[in-house]
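# Reading the structure
The lines below spell out each chain.
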Amino acid sequence: EAGVVQSPRYKIIEKKQPVAFWCNPISGHNTLYWYRQNLGQGPELLIRYENEEAVDDSQLPKDRFSAERLKGVDSTLKIQPAELGDSAVYLCASSLDPGATIAEAFFGQGTRLTVV
Amino acid sequence: GDSVTQMEGPVTLSEEAFLTINCTYTATGYPSLFWYVQYPGEGLQLLLKATKADDKGSNKGFEATYRKETTSFHLEKGSVQVSDSAVYFCALAYSSASKIIFGSGTRLSIRP
C-alpha cells in the first residue's frame, strides 16, 4: 500500500515568489495534517483537515499561507509571497481516526523549501 | 502550555552500545506519549507509544516507560545497530486534541 505522497521533494524559490506543495494521503484516511519543521526542531502543526473541512488552522499564518483539500482527498498548501523565514521542511501526514489514534499518523517524506 | 524537551544531539555510539535518549514533558492533562523516528531520506514513523502512566511502549528492541512522577519518557535500547542511525522525536498528544507536540529531535549516529 502506498504511503503518504508529497511533491515536490525539494523546491528553491526567490523571496516574494509563490510556491505550492501537494499531498496525497493514504487511501481512506479522513484526517490530513500539514506540519512545518524548521531546521533542528520538531514539526509544528499548521493545519488539520477532517475530510474537506479545516478543523484547526490556528497556527496557519493566514496572511500568506493557504490550504485546501478539495473532495476530502488530496491537499495543497500554498505560500504567497514566500519569505526567507519560510525555509523549512513541510510535512504532510494522514490518519484514519481523528480521536484516540490521533498520533498514529503516517507522514510523507516532506518537501524541503529553500527561499533565497 | 504543553511541551516536550529532549536531550540535544548528536549522540554518537559504537555498535552494540547501550542507548538512552532522555525526554521530559510538561502537560496540563494526561496525554499519550510517543517516540517517532526519522531515518535518512524517509518520513517520520511511529516507533512506540504509551497511553497512561507506568505503561511501557516497545518496538524493534527500543523501550520507553511513561513516568508520571518524573514526567519522563526516556528511550532505551540495550544494543544499538548501525541501522538505528536516525533522528528520534519524543512527542505527546491528547486523544481529543488536534495535534501532536514534538520535541526538537535527537540525532543518533552509530559507528560500526
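Residues numbered from 1 in each chain as written. Chains lettered and ligands numbered in written order. Predicted model: local features only at pLDDT ≥ 70, side-chain atom pairs only at ≥ 80, totals over all residues. Heavy atoms only, no water.

Time to look at the pairing of strand β11 (residues 111-115) of chain A. All names here are of chain A. With burial as the criterion, only one face of β11 is covered, namely that bearing Thr111, Leu113 and Val115; the residues Arg112 and Thr114 on the opposite face remain uncovered. Relative to β11, strand β2 (residues 10-13) runs parallel, the two sharing four bridges. Looking at the pairing, Ile13 lines up with Val115 of β11. Here three bridges tie strand β9 (residues 88-95) to β11, and the two strands are oriented antiparallel to one another. (Buried < 20%, exposed > 50% of the residue type's maximum accessible area, 1.4 Å probe, protein only. Helix = DSSP H or I, 4+ residues; strand = E, 2+ residues; numbered from the N terminus. Pairing = 2+ DSSP bridges.)

Below, the discussion takes up the state of the cysteines. Residues and elements named next belong to chain A. Applying the stated criterion to the full structure yields two disulfides over all chains. One disulfide bridge connects Cys23 with Cys92, the sulfur atoms lying 1.9 Å from each other. Sign of the S-S torsion, about -70° for the bond between Cys23 and Cys92, identifies this disulfide as left-handed. Within this pair, whereas Cys23 is found in strand β3 (residues 19-24), its partner Cys92 is found in strand β9, the two being separated by 69 residues in sequence. The exposure class assigned to Cys23 is buried, which follows from its relative accessible area of 0%. (Disulfide = S-S within 2.5 Å.)

Before going further, it helps to spend a moment on the pairing of strand β5 (residues 44-50) of chain A. Residues and elements named next belong to chain A. In terms of burial, β5 is a largely internal element, six of the seven residues being buried. In terms of strand pairing, strand β4 (residues 31-37) meets β5 through six bridges, oriented antiparallel. Opposite Arg36, over in β5, you have Glu44 as the bridge partner. As judged from the three bridges shared by β5 and strand β6 (residues 53-56), these two strands associate in the antiparallel manner. Counterpart to Arg48 in the pairing with β6 is Asp56.

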